[in-house]
Amino acid sequence: MSLTKEDIEAALAGVQDPATGGDIVAAGRIKALTVDGDAVRFVLEVPGEMAKGYERTRGEAEARVKALGASSVSAVMTAHSNKAPPDLGRSQKPKQPEPAQRVPGVDRILAVASGKGGVGKSTVSANLACALAAEGRRVGLLDADVYGPSQPRMLGVSGRPASPDGKTILPMRNHGVTMMSIGLMVGEGQAVVWRGPMLMGALQQMLLQVQWGALDVLIVDLPPGTGDVTLTLAQKTHVDGAIIVSTPQDVALLDARKGIDMFNQLKTPIIGMIENMSTHICTNCGHEEHIFGHGGVAAEAKKLGVPLLGEIPLHLDIRTAADGGAPIVVSKPESSQAQAFRQIARGLVAAGQA
Ligand SMILES: Nc1ncnc2c1ncn2[C@@H]1O[C@H](COP(=O)(O)OP(=O)(O)OP(=O)(O)O)[C@@H](O)[C@H]1O
């Protein structure tokens, strides 16, 4: 039986909204409703101050959709805080921007960004996290790539994170890395259609409501580009540094420059650049070739006055390892490809940056 969005909305319209007394569809609580065969996913966006009271509503909403014949139903609740009441001229003081928050227990936050999609930012984040863990660091990895969360697959983690007290979320752990991903909340392969405030809410929730424990470093795998998530992260959270991943290609470099500009404006220090897909070594004959050029990132880093942290080759094993849920640093630790990541990690530790 295949369900339609209309069927789901009609069923959800039977659930009462605690805040308005109407139904949750009319109250605009249901967002990002997707129906994939008979699997249904949606976000229940609730007022932050009433989040607890909505747990029952979420359960009821899930039950109603299940009763329609859905094989799996996933309702993710995001808290959306109401805006402060307008200041009607009572105070003329200019508003101070909120100070950037620190995540309790986390010593440093490193953002991994790229100007362009598909340059290997997630692969680098996963391997760097495992490499730092291999150096004995207490490492967390937050997959904030809300548009294409790939860390559950890369780190071989699945299942829905637990929240025993309904307030905090327990992170997952594999390969010595504590991790959380929006992908675990919505399921793999699910396109997420977040809108501004929801997106910020989800990011803040993952940063502040996940029980990260004591960490030396939390790596944040950002979505590509210079969008809302990166802005929110840099403005609301104290980010200690950004690492920019780029391929040597001109077009990727142009985008990387935009990313660097943005971090400069946000006053987030740039720790350095990583050239990914640098050289390709044929797995058959060992021939070395430069598919995307070589050295472009080194030249750009020099021009921009930021360090080049390392160069990662384009190698089949890096991709198969990432697809198989055990990054190359873990699955083939002695390989030269894994060593390229280990070297970057050692450099960061030596510089006191991770
Ligand atoms: N050095 C490499 N050698 C071989 N394959 C690589 C390498 N780096 C990344 N890949 C592969 O390229 C693809 C894209 O990589 P990845 O998902 O890490 O990029 P991304 O920049 O995070 O992409 P997105 O824009 O989707 O966030 C993946 O299949 C990955 O396994």
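These numbers were taken from a predicted model, which means no experiment stands behind them. (Residues numbered from 1 in each chain as written. Predicted model: local features only at pLDDT ≥ 70, side-chain atom pairs only at ≥ 80, totals over all residues.)

1. Here's the deal with the UniProt feature "binding site: ATP" (unreviewed entry) in the chain
If you check UniProt for "binding site: ATP" (unreviewed entry), the listed places come out as Gly115, Lys116, Gly117, Gly118, Val119, Gly120, Lys121 and Ser122 in our numbering. Exposure remark for Gly115: the 24 C-beta atoms within 10 Å place this residue in the buried category. The contacts of Gly115, once residues within four sequence positions are left out, are Gly225, Ser246, Ala252, Asp255, Ala256, Lys258 and Gly259. Mapped onto the elements, Gly117 comes out in the loop between β4 (106-113) and α3 (121-134). Among the residues examined, Gly117 registers 14 C-beta atoms within 10 Å and is labelled partly exposed. (UniProt positions renumbered as here; feature names shortened; annotations may be inferred. Buried ≥ 20, exposed ≤ 12 C-beta atoms within 10 Å, placed from the backbone. Contact = placed C-beta atoms within 7 Å. Helix = DSSP H or I, 4+ residues; strand = E, 2+ residues; numbered from the N terminus.)

2. What about the packing of α3 against helix α12 (residues 336-350)?
One way to put it is that α3 packs onto α12 with a least axis distance of 8 Å and a crossing angle of 65 degrees. α3 and α12 meet at a crossing whose hand is right-handed. Contact residues: Asn127, Leu128, Ala131, Leu132 and Ala134 in α3; Phe341, Arg342, Ile344 and Ala345 in α12. Of the residues contributing to the contact of α3 with α12, the split by class is seven nonpolar, one polar and one charged. (Axes fitted to C-alpha atoms, helices over the stretch in contact; angles between N-to-C directions. Left-handed = near helix turned anticlockwise from the far one by under 90°. Nonpolar A, V, L, I, M, F, W, Y, C, P; charged D, E, K, R; others polar.)

3. Regarding the site of the ligand
Around the ligand, 20 residues are found, and the nearest of them are Gly117, Gly120, Ser122, Thr123 and Arg319. Contributing elements (two or more residues each) for the shell around the ligand: α3, β10 (270-281), β12 (308-314) and α10 (316-323). The class makeup of the residues in the shell around the ligand is seven nonpolar, ten polar and three charged. (Near = placed C-beta within 6 Å.)

4. Quick word on the UniProt feature "domain: MIP18 family-like" (unreviewed entry) in the chain
The UniProt feature table records "domain: MIP18 family-like" (unreviewed entry) at residues 5-74. Secondary structure across residues 5-74 comprises 30% helix and 27% strand; the distance between its end C-alpha atoms is 14 Å.

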